[in-house]
Amino acid sequence: MRKILTSLLLLSAFLVNAQQGIKKFEWKAAPKLHTIPKQFQEAAAVFVNDDRIIEYAFEKEELFFYKTLHRIVHINNDRGIEAFNKIYLPFEEGVTMIDVRARTILPNGKIIELDKSNIKDLKDEDGQYKIFALEGLTKGCEIEFYFTVKKEPSFFGREILSSGIPVMQARVELLAPDHLLFETMGFNGIETGKDTLIGEKRHTLIIVNDIKAMEEEKYSMFRASSKRVEYKLSYNAAKSTRERLFTWNELSKRLHNIYNTVNDKDIKKIRELLETINIKTASGDAEKIALIEHYVKKNFNAREDIPSDDAEDLVKVIRNKVASHRAIVKLYLGLFREAKIDYQLVLAGDRTDYMVEKNFENWNNAKNFLVYFPGTNKFLAPTETEYRYPWIPPTWAATNGLFCVSTTIGNFTTSIGEIKMIPLEKYEHNYLNMEMDLELDKKDELVIRVKQLYGGYAAPNYKMPFIFLPADEQDKVLKQMIRFGANTENIISHSFENKEMEQKDPYKPFVINASVKASNLVEHAGQKVIIKIGEVIGEQAQMYDIKSRENKIDLHYPHALVRTIRLKIPEGYRITNADDLKINVAHKENDVVTMGFVSDYEIKGNIITIRVVEDYRNYIYPRDQYPVFEKVINAAADFNKIVLVLEK
């Protein structure tokens, strides 16, 4: 990639400027403290300035990327002092630190500048850092620091401007040689910047004022909601101002060359592997796909962090059963191709953070591999062990993907890129249901026979522990899951259904059957028996937000929770408060329920049957529907508190 980009940009010697000199940040010689607006005075600290200068510049005949981050932080209270008494600067491999300075400005005007010899290196599981401590911090002081780094260029990037600290003013400045035209796109309320030619450099400046501190909200996508600026190189004017660079079509062609190019040795091994998998027994494409996926995911170890070149060599991969993500995708496509299964490679974003935009080709956002099968209109996630066709990580769906559609012109085969929506599986398939039969034994202990059913997107995460964990850890998980549904760990017996990853019918639910005793759900008050019936659905969240909602409601997938509870009423007793079980909180659009919590009951003979339906038929609800959503969530919590009173 590096060589391709260099040849693309360095078209001829006369187009390349020698070292132009990058923009060097200079801070004020005599800084003064800033006045903090009223709305930010209760925060622990405030970014008075949050400036980023991003510059692409030639040094001799090589292009480099430079970035300067400059911040002025006003400290409001002790929490602010604790948060900023040490500064961590990310410092990844391949980065050169050009400059770093820091100082503290005290309320009395004194300035304490950082001694660079006190900068230390730190490495932990999260990465590498430069770290330094700041002296003399006190309420009302300000910290100012900046650093500049240099590294090889990437022509796609993003700057995230919102965080847990409010910002009075954020600035993103992008500079490049006059023949390189970058485009920017703002997200979540940030306007797109405009490119201007000043002298021999192109400038894009984006200024954003008064950014609130970002707090994580339940049922929202935190990173996806961040205020940010993304940028990409779109034109090389030295070649053409009409020929757009780094298009989705270009990426599709590159992916085709990488993942569909195999040699004769590879093909031979792929065919031998197909013989082992024995897809001849399959009756159609769906069965062939499932057989191939089950075999590969059961027998091959695919990881992103495998460094060996052998992990990219298909012959060695098939022999050793160890592969990089890149190689495992290539293997799948080879198997599908030799099995005569029509497929399209798809690159997806993720709704939890960054998504594919049709008109803004940030290749960094197209990071998750899927395979689409036009014949079945379903998808497969080749690198995700816990998911099986047609189930994929749900946040990779309900968003755009880059579909690489193969096309042949004469003897030449390539692919064309199409941006299309990746659909979620139907709402009806996704559920977490329970069927429960309750009866008091002779000791007045509640015996519960429970059946927990996990369908669709819900199933993989619940069945995974019972496949990959050792037996003692499985027991712990089982107790936790049963305790959630029956509020007890006293398990008499249990069994599973459809636990195996290999299911002929992928829509069958994963099922846990258990018999338990729950004496803690029964109390006596004189002649009355009190049964904590609401607790059998498990502890429920409560939401009583005082602050106004900032983000839309964003669920991973639409789903339902249906609980059927049958209680055998002891002989000689009656229930005095059955109507407490009636709850109805629902929201309709065009006479169709989109979300709700409804519970009701009927009594036949000595059996009371309680049916509880909680469902969310959409995956996104607008912010103005949050009060209704909150009521639905709280209705489940209200049911959780219901007790039934039985008296003679």
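Residues numbered from 1 in each chain as written. Predicted model: local features only at pLDDT ≥ 70, side-chain atom pairs only at ≥ 80, totals over all residues. Heavy atoms only, no water.

Details of the layout of surface pockets
- Here the largest pocket is characterised by a volume of approximately 1100 Å³.
- Taken together, 40 residues make up the lining of the largest pocket; nearest its centre are Ala213, Met214, Glu215, Glu217 and Glu550.
- Along the lines of polarity and charge, the residues of the lining of the largest pocket split into 16 nonpolar, eight polar and 16 charged. (1 Å grid on protein atoms, 1.4 Å probe; cavity = no way out; pocket = protein on both sides within 12 Å on 5 of 7 lines; lining within 4 Å. Points joined across faces, edges and corners; volume = space filled by probe spheres on them. Nonpolar A, V, L, I, M, F, W, Y, C, P; charged D, E, K, R; others polar.)

Concerning empty space enclosed by the protein
- Evaluated as defined, the whole model comprises four cavities of 30 Å³ or more.
- Considering only enclosed or pocket space, the second largest cavity measures out at about 60 Å³ in volume.
- Around the second largest cavity sit Leu255, His256, Asn260, Tyr343, Gln344, Leu345, Cys404, Ser406 and Ser415, which together line it.
- Looking at the lining of the second largest cavity, the elements that each hand over two or more residues are α3 (248-259), β17 (344-348) and β20 (399-409). (Helix = DSSP H or I, 4+ residues; strand = E, 2+ residues; numbered from the N terminus.)

Structural notes on the pairing of strand β35 (residues 644-647)
- As defined by bridge partners, strand β27 (residues 528-531) adjoins β35 across three bridges and the pair is classed as antiparallel. Considered in β35, the bridge of Ile530 is made with Val645.
- Here two bridges tie strand β30 (residues 574-575) to β35, and the two strands are oriented antiparallel to one another. What sits directly across from Ile575, in β35, is Leu646. (Pairing = 2+ DSSP bridges.)

Focus: the pattern of salt bridges
- By the definition in use, this model includes 41 salt bridges.
- Notably, a salt bridge pairs Lys116 with Asp99, separated by 3.2 Å at the nearest N-O pair. Highlighted residues: Lys116 in the loop between β5 (111-113) and β6 (120-124) and Asp99 in strand β4 (residues 96-105), separated in sequence by 17 residues.
- Asp99 sits in the buried class, given a relative accessible area of 13%.
- Overlapping salt bridges bring together Asp50, Arg52, Lys67, Arg71 and Glu159 as one network. (Salt bridge = Lys/Arg side-chain N within 4 Å of Asp/Glu carboxyl O. Buried < 20%, exposed > 50% of the residue type's maximum accessible area, 1.4 Å probe, protein only.)

Some words on the packing of aromatic side chains
- As enumerated under the stated definition, the model contains 32 aromatic pairs in all.
- A ring pair is formed by Tyr259 and Phe369, whose centres lie 5.3 Å apart and whose planes are at 65 degrees; its orientation type is edge-to-face. Residue Tyr259 is found in helix α3, and its partner Phe369 is found in strand β18 (residues 368-373); the two are separated by 110 residues along the sequence.
- For the pair Tyr454 and Tyr462, a centre-to-centre distance of 4.2 Å together with 20 degrees between the ring planes defines the contact as stacked.
- Connected via pairs of aromatic rings, a cluster forms that spans Tyr56, Phe65, Phe155, Phe156, Phe182, Phe246 and Trp363. (Phe/Tyr/Trp six-rings, centres within 6.5 Å; stacked < 30°, edge-to-face > 60°.)

Brief notes about the confidence of the model for the chain
- Of the residues in the chain, 95% reach a pLDDT of 70 or more, and the chain-wide mean stands at 91.
- Contacts for the low-pLDDT stretch residues 1-19, under 50 throughout, to residues beyond four places or in other chains number 38 contacts. (pLDDT = per-residue confidence, 0-100. Contact = heavy atoms within 4.5 Å.)

Considerations on the nonpolar core
- With 90 residues, the main nonpolar core has Tyr56, Ile292 and Phe336 as its most contacted residues.
- Residue contributions to this core peak at eight residues, all from helix α7 (residues 325-338).
- When near neighbours in sequence (up to four residues on either side) are disregarded, Ile292 contacts Leu274, Ile277, Ile279, Tyr332, Leu335, Phe336, Ala339 and Ile341.
- Counting 74 residues, the second-largest nonpolar core is a separate cluster that includes Leu370, Leu478, Ile610 and Phe639. (Core = buried A, V, L, I, M, F, W, Y, C linked by side-chain atoms within 4.5 Å.)

Notes on helix α5 (residues 285-299)
- Its 15 residues place the ends of α5 21 Å apart at the C-alpha level, agreeing with the 21 Å of an ideal helix rising 1.5 Å per residue.
- Taken as a whole, α5 has its buried residues at Ile289, Ala290, Ile292, Glu293, His294, Val296 and Lys297.
- Of the surrounding secondary structure, the elements contacted by the buried residues of α5 are α4 (264-277), α7, β18 and β19 (378-380). (Expected span 1.5 Å × (residues − 1).)

Considering the sheet that holds strand β2 (residues 62-75)
- Strand order in the open sheet formed by eight strands is β5-β4-β8-β2-β1-β10-β13-β12, with mixed pairing between adjacent strands. This sheet does not close on itself; its edge strands, each paired only once, are β5 and β12 (195-198). Across the sheet, the axes of successive neighbouring strands diverge by a mean angle of 15 degrees, strand direction being ignored.
- Note: strand β1 (residues 45-59) against β2, 14 bridges, orientation antiparallel. Within the sheet, the bridge partner assigned to Asp51 lies in β2 and is His70. (Axes fitted to C-alpha atoms, helices over the stretch in contact; angles between N-to-C directions.)

A short note on the environment of Ile165
- Mapped onto the secondary structure, Ile165 falls in the loop between β9 (156-160) and β10 (167-177).
- Classification of Ile165 by relative accessible area gives buried; the value is 18%.
- Separated by 46 residues in sequence, Ile165 and Ile211 place their C-alpha atoms 8.7 Å apart.
- The contact partners of Ile165, leaving out residues within four places of it in the chain, are Ala45, Val46, Phe47, Phe84 and Ala213.

What about the sheet that holds β35?
- An order of β26-β27-β35-β30 is seen for the four strands of this open sheet, with the pairing classed as antiparallel. Every interior strand has two partners, whereas the edge strands, β26 (522-525) and β30, have only one.

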